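Listed below, chain by chain, are the residues.
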Amino acid sequence: VVPYPPGGPLDTSARLLASGVKGTLGNVAVDNKPGAGGNTGAALVAKAPASGNLLLMGAVATHAVNPWLYKDFPYDPLKDFKPLVLVARTPNVLLMSKQQAAALNIQTTADLVQYLKKNPDKLKYGSGGNGSIGHIAAEMFKSLTNTKVVHVPFQGSAPALAALQAGEVAFVFDNLASALPQIQSGKGLALGVTSLSRNEALPNVPSVNESVQGFNVATWFGLFAPASLPDADARRYATAFAAYMRSPGGKAGLQKMGIPPDELTLDGFAQFVRTENQKYEFLIKAVKVKIN
């Protein structure tokens with residue numbers, strides 16, 4: 001189950017993995033169940049019967065961010081799931097259209113900050129939706145730079161990127177896999193990556209943290225099973241998916257999206273999820289992100 005619409009990096013990765021493990025696990029179908037920022041599809045897997053065969057391509061939103069944003073949350077992100085394998089950790093990119101960046105004489109993160117300080121509330125930023133990691137990244141950016149920008153939420157990354165190129169919004173914080181085609185085509189200008197260090201897919205693009213101290217936001221996603229899945233099955237699934245991710249075909253497919261495959265499985269991935277959940281509880285409360 002992919003809790004987002006078709007075409008995004010989670011969906012593309014899920015289909016790559018499903019195809020890659022046919023030899024070891026048999027046929028694996030991918031079912032998109034979008035809604036409520038990923039909560040709808042995640043809740044479907046969380047409440048699946050023990051005899052079921054559903055897995056979730058969960059993400060930072062479904063397991064670390066959304067629990068602190070939504071009232072009456074439909075599942076427990078830590079108790080209702082058994083983490084299997086972390087597929088990828090990837091930064092977001094602070095992205096402008098090249099045309100608008102040139103018109104505003106902005107070429108760096110520092111240029112953008114300077115412009116925003118001189119022109120409060122003049123620019124708009126887009127995101128894939130209220131409570132999305134792009135929304136949180138931008139609110140953290142505003143908080144750390146003490147700037148004012150208007151938020152325009154969209155239903156997913158693709159319409160936010162389209163709005164960027166149409167000049168409807170001035171910038172977005174989008175994940176690397178989605179942003180890379182615009183950057184490679186020359187339509188998009190990457191001002192910075194949101195990890196503490198530079199990314200090998202964009203070696204000439206500095207970290208936002210180099211201009212905005214303390215800025216560190218990353219997207220991640222991975223496979224989860226319902227907590228009721230027996231440990232033996234969890235190990236079998238984790239082994240099969242991890243082996244494919246390390247294979248030449250799996251590596252090539254993920255790296256094409258600018259995503260190096262990750263190494264965390266089972267207990268290691270579970271500890272990572274707990275840490276991320278605590279991190280975003282603090283961050284969301286600190287910057288007072290709201291979903292409406």
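Now for a quick tour of the structure.

Calculation notes
Residues numbered from 1 in each chain as written. Predicted model: local features only at pLDDT ≥ 70, side-chain atom pairs only at ≥ 80, totals over all residues. Heavy atoms only, no water. Core = buried A, V, L, I, M, F, W, Y, C linked by side-chain atoms within 4.5 Å. Buried < 20%, exposed > 50% of the residue type's maximum accessible area, 1.4 Å probe, protein only. Helix = DSSP H or I, 4+ residues; strand = E, 2+ residues; numbered from the N terminus. Contact = heavy atoms within 4.5 Å. Pairing = 2+ DSSP bridges. Right-handed = clockwise from strand over helix to strand, strands pointing away. Expected span 1.5 Å × (residues − 1). Salt bridge = Lys/Arg side-chain N within 4 Å of Asp/Glu carboxyl O. Phe/Tyr/Trp six-rings, centres within 6.5 Å; stacked < 30°, edge-to-face > 60°. Lys NZ or Arg CZ within 6 Å of the ring centre and 35° of its normal.

1. Observations regarding the nonpolar core
- If you look at the biggest cluster of nonpolar residues, it comprises 50 residues, and the most contacted ones within it are Leu-112, Phe-141, Phe-171, Phe-215, Trp-220 and Tyr-280.
- Top element by residues in this core is helix α12 (residues 266–287). It accounts for seven residues.
- Not counting residues within four places of it along the chain, the set of residues in contact with Phe-171 comprises Leu-94, Leu-95, Met-96, Leu-112, Leu-116, Lys-124, Tyr-125, Gly-126, Val-149 and Leu-164.
- Counting 28 residues, the second largest nonpolar core, distinct from the first, contains Leu-16, Val-21, Ala-234 and Ala-242.

2. Regarding the pairing of strand β4 (residues 150–153)
- As defined by bridge partners, strand β3 (residues 124–127) adjoins β4 across four bridges and the pair is classed as parallel. If you follow Lys-124 over to β4, its bridge partner there is Val-150.
- Handedness of the crossover joining β3 and β4 through helix α7 (residues 133–145) is recorded here as right-handed.

3. Overview of α7
- With 13 residues, α7 should reach 18 Å at 1.5 Å per residue; the first-to-last C-alpha distance of 18 Å fits that figure.
- Among all positions in α7, only Ile-133, Gly-134, His-135, Ile-136, Ala-137, Ala-138, Glu-139, Met-140, Phe-141, Lys-142 and Thr-145 are buried.
- Once α7 finishes, Asn-146 follows within two positions and takes phi at roughly 55 degrees, a positive value.

4. Re the pattern of salt bridges
- In the structure shown here, the tally under the stated rule is eight salt bridges.
- Salt-bridge contacts for Asp-262 lead to Arg-89; the nearest nitrogen and oxygen are separated by 2.9 Å. Of this pair, Asp-262 sits in the loop between α11 (248–255) and α12 while Arg-89 is found in strand β2 (residues 81–97), placing the two residues 173 residues apart along the sequence.
- Relative accessible area serves as the criterion here: at 38%, Arg-89 is assigned to the partly exposed category.
- One salt bridge in this structure joins Glu-281 and Lys-285, with 3.0 Å as the shortest N-O distance. With Glu-281 and Lys-285 both in helix α12 and four residues apart, this pair spans about one turn of that helix.
- A residue is classified by how much of its surface remains accessible, and Lys-285, at 55% relative accessible area, is exposed.

5. Regarding the pairing of β2
- With respect to burial, β2 is a largely interior element, 16 of its 17 residues being buried.
- In this structure, β2 lies alongside strand β5 (residues 171–175), joined through four bridges in antiparallel fashion. Considered in β5, the bridge of Leu-95 is made with Val-172.

6. What to know about the packing of aromatic side chains
- Taken as a whole, this structure holds twelve aromatic pairs when the rule is applied.
- Judged by centre distance (4.5 Å) and plane angle (55 degrees), the ring pair of Phe-73 and Tyr-75 falls under tilted.
- Between Phe-141 and Phe-215, the aromatic rings sit 6.2 Å apart at their centres with planes inclined by 85 degrees, giving edge-to-face as the arrangement. Of the two residues, Phe-141 is situated in helix α7 and Phe-215 in the loop between β6 (188–193) and β7 (218–226); the sequence distance between them amounts to 74 residues.
- Classification of Phe-215 by relative accessible area gives buried; the value is 0%.
- Here the aromatic residues Phe-73, Tyr-75, Phe-81, Trp-220, Phe-224, Phe-269 and Phe-272 are joined through ring pairs into a cluster of three or more.
- Residue placement shows Arg-89 over the ring face of Phe-272; its charged tip is 5.0 Å from the ring centre.

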